[in-house]
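Summary of the model geometry
Residues per chain, in single letters:
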Amino acid sequence: MSAVFVDHLVVAAATLAQGAAWCEATLGVTPGPGGQHPLMGTHNRVFSIASESWPLAYFEIIAIDPAAPPPGRARWYGLDDPALQARIADTPRLIHAVARSPMLDMHRWGLIQVGLQPGEPLAVQRETPHGTLSWQLLVPADGKPLCDGALPTLIQWQGLHPAENLPACGITLKALTLRGVPARARDVLRLRGAQVLPERQPGEAALSAVLQTPKGDVTLES
């Protein structure tokens, strides 16, 4: 089965203004513009974290869009969860990683075969100055990522990829560790460039990422 690749890291914020201020203070850069997701009632800001090991990788700061109508379904990444909203009320947090699949239906079926329910594929679009971004993403019915967020959400881009037009900003991804992903699911995805561990010890974060930044190496944990 084909491997999947690290596509982007997801940091949830109470507001995008809070997320931008956190990014400047923690990582030493101002995040670039993003856009709105009408299907989910969210909006984001993004910047590149790509390197030779992780081509096209980028960083997403996401928040519920107060100007958007309710989406009529659970938002992605568990953003509707009151516990998550309480955790990010004071400071944004790394909550998830998204992995790029060249064959979304195949990987979805593989996860179902090993007992996981990654959700139905949703068709999503977002407008950018460079054109329309179009993709399919697996989202569980309750919106919550599996394995406490350690199992990556799978995405398949159709045409333009957002990182193709993101300038280098002095931040690159150095390491990504996912803990508590069942071994059979790990074997289905074969995620390139990340350490995927089936066990998670008490007190350990489900996700941890090391970023090289203008402030030195910064470790983010979920």
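Before reading on, note that the structure itself is shown above.
Residues numbered from 1 in each chain as written. Predicted model: local features only at pLDDT ≥ 70, side-chain atom pairs only at ≥ 80, totals over all residues. Heavy atoms only, no water.

1. As for the pattern of salt bridges
Defined as follows: For this document, the term salt bridge refers to a Lys or Arg side-chain nitrogen within 4 Å of an Asp or Glu carboxyl oxygen. Labels follow the DSSP assignment, with helices taken as runs of H or I lasting at least four residues and strands as runs of E lasting at least two, numbered in each case from the N terminus. Here the term buried applies to any residue with accessible area under 20% of the maximum for its type, exposed to any over 50%, and partly exposed to those in between, with areas from a 1.4 Å probe on protein chains only.
Under the definition given, this model contains seven salt bridges. Between Arg 100 and Asp 7 there is a salt bridge, with the nearest N and O atoms lying 2.8 Å from each other. One end of the pair, Arg 100, is in strand S5 (residues 93–100); the other, Asp 7, is in strand S1 (residues 5–12), and 93 residues separate them in sequence. Each of the two residues, Arg 100 as well as Asp 7, counts as buried. Among the salt bridges present, the one from Glu 204 reaches Arg 179, with a minimum N-O distance of 3.8 Å. Residue Glu 204 is located in the loop between strand S10 (195–197) and strand S11 (207–213), and its partner Arg 179 is located in strand S9 (residues 172–179); the two are separated by 25 residues in the primary sequence. Accessibility expressed as a relative area gives 30% for Glu 204, which makes it partly exposed.

2. Quick notes on the sheet that holds S1
Put simply, the rule reads: The rule for pairing is simple: two strands pair if DSSP sees at least two bridges between them. Angles shown run from 0 to 180 degrees and are taken between the N-to-C directions of axes, each axis being a line fitted to C-alpha atoms and, for helices, limited to the stretch in contact. Here a residue-residue contact requires only that any non-hydrogen atoms of the pair lie within 4.5 Å.
Strand order in the open sheet made by the eight strands is S2-S3-S4-S1-S5-S8-S7-S6, with mixed pairing throughout. Both outer strands of the open sheet, strand S2 (32–37) and strand S6 (120–128), are each paired with one neighbouring strand and no more. Put simply, the sheet's adjacent strands are angled 30 degrees from each other on average, direction ignored. Note that strand S7 (residues 131–139) and strand S8 (residues 153–157) share three bridges and pair antiparallel. Along S8, the bridge assignment pairs Leu 137 with Ile 155. Across the face of the sheet, helix H1 (residues 16–27) comes into contact with S1, strand S3 (42–48) and strand S4 (58–64) while running at roughly 145 degrees to S4. Taken strand by strand, helix H3 (residues 104–113) contacts S6, S7 and S8, and its axis lies near 165 degrees from that of S8.

3. Digging into unusual backbone geometry
Look at Cys 147: it is not a glycine, yet its phi comes out positive at around 60 degrees. Using a relative accessible area of 22% as the deciding quantity, one classes Cys 147 as partly exposed.

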